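Structural overview for review
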Amino acid sequence: QVHVVESGGGLVQPGGSLRLSCAASGSIYSVNAMGWYRQTPGKQRELVAVITSAGSSNYADSVKGRFTISRGNAKNTVYLQMNSLKPEDTAVYYCKAVARTSATMMALDYWGQGTQVTVSS
């Protein structure tokens, strides 16, 4: 079993910053990639940023130059630094780990429960 836990959401004014944290734990053999997604009511969940085990990253066009994804020193952790936040960044942010477990050795998606980010004055 793999557990993914996010933290760091909250209320911030436009132009402000927040840092989200995510940690994956459990019977993990290896993590192929970790990423951040976001969802607003009535819309599909969308990719925000992803980083692979090799360190390469990819971003949605809407956040390029404002958000930075990075891996933590602790194993299987990832951060999302969000700067110059806009009201349209308001969403529930989810962390996903693509991981192989010791039991199955299959790379599967594991999701966290989400953390709310609200950008408003």
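Structural data are supplied above this passage.
These notes cover the structure that comes with them.

What counts, and where the lines are drawn
Residues numbered from 1 in each chain as written. Predicted model: local features only at pLDDT ≥ 70, side-chain atom pairs only at ≥ 80, totals over all residues. Heavy atoms only, no water. Helix = DSSP H or I, 4+ residues; strand = E, 2+ residues; numbered from the N terminus. Buried < 20%, exposed > 50% of the residue type's maximum accessible area, 1.4 Å probe, protein only. Contact = heavy atoms within 4.5 Å. Areas by Shrake-Rupley, 256 points an atom, 1.4 Å probe, with all protein chains shown as cover. Phe/Tyr/Trp six-rings, centres within 6.5 Å; stacked < 30°, edge-to-face > 60°. Pairing = 2+ DSSP bridges. Axes fitted to C-alpha atoms, helices over the stretch in contact; angles between N-to-C directions. Disulfide = S-S within 2.5 Å.

When helices and strands are tallied, the protein shows zero helices and 11 strands. In the protein, the order of α-helices and β-strands from amino to carboxyl end is β-β-β-β-β-β-β-β-β-β-β. Summarising its shape, the C-alpha atoms of the protein cover approximately 50 × 30 × 20 Å along the three principal directions. Looking at the protein as a whole, 41% of its 121 residues are labelled buried. Residue pairs in contact within the protein that sit at least 24 positions apart in sequence constitute 54% of those at least 6 positions apart. In the structure as shown, the protein presents an accessible area of about 6,400 Å², 48% of it carried by carbon and sulfur atoms.

A separate point is the packing of aromatic side chains. Going through the model one piece at a time under the given rule, you end up with one aromatic pair. Between the aromatic rings of Y37 and W111, the centroid separation amounts to 5.0 Å while the plane-to-plane angle is 65 degrees, which identifies the pairing as edge-to-face. In this pair, Y37 sits in strand β4 (residues 28-39) while W111 sits in strand β10 (residues 107-111), placing the two residues 74 residues apart along the sequence. Of the residues examined, Y37 reaches a relative accessible area of 15% and is grouped as buried.

On to the pairing of strand β11 (residues 115-119). Every second residue of β11 is oriented toward a common face, the buried set being T115, V117 and V119 and the non-buried set Q116 and T118. Pairing of strand β2 (residues 10-12) with β11, which is carried by three bridges, proceeds in the parallel orientation. Among the inter-strand pairings, L11 is bridged to a residue of β11, identified as T118. Examined bridge by bridge, strand β9 (residues 91-101) and β11 share three bridges and lie antiparallel to one another.

It is worth spelling out the sheet that holds strand β8 (residues 77-82) at this point. The antiparallel open sheet is built from four strands, whose spatial order is β1-β3-β8-β7. Both edges of this open sheet fall to β1 (2-7) and β7 (67-71), since each of them pairs with a single strand only. For this sheet, the mean inter-axis angle between neighbouring strands, taken without regard to orientation, is 15 degrees. In this sheet, strand β3 (residues 18-26) lies alongside β1 in antiparallel orientation, the contact comprising six bridges. Paired with H3 across the strands is S25, a residue of β3.

With that settled, the discussion passes to the state of the cysteines. According to the stated counting rule, one finds one disulfide in the structure shown. A sulfur-sulfur distance of 2.0 Å marks the disulfide that ties C22 to C95. An S-S torsion of about -85 degrees defines the bridge between C22 and C95 as left-handed. Taken together, the residues C22 in strand β3 and C95 in strand β9 connect sequence positions 73 residues apart.

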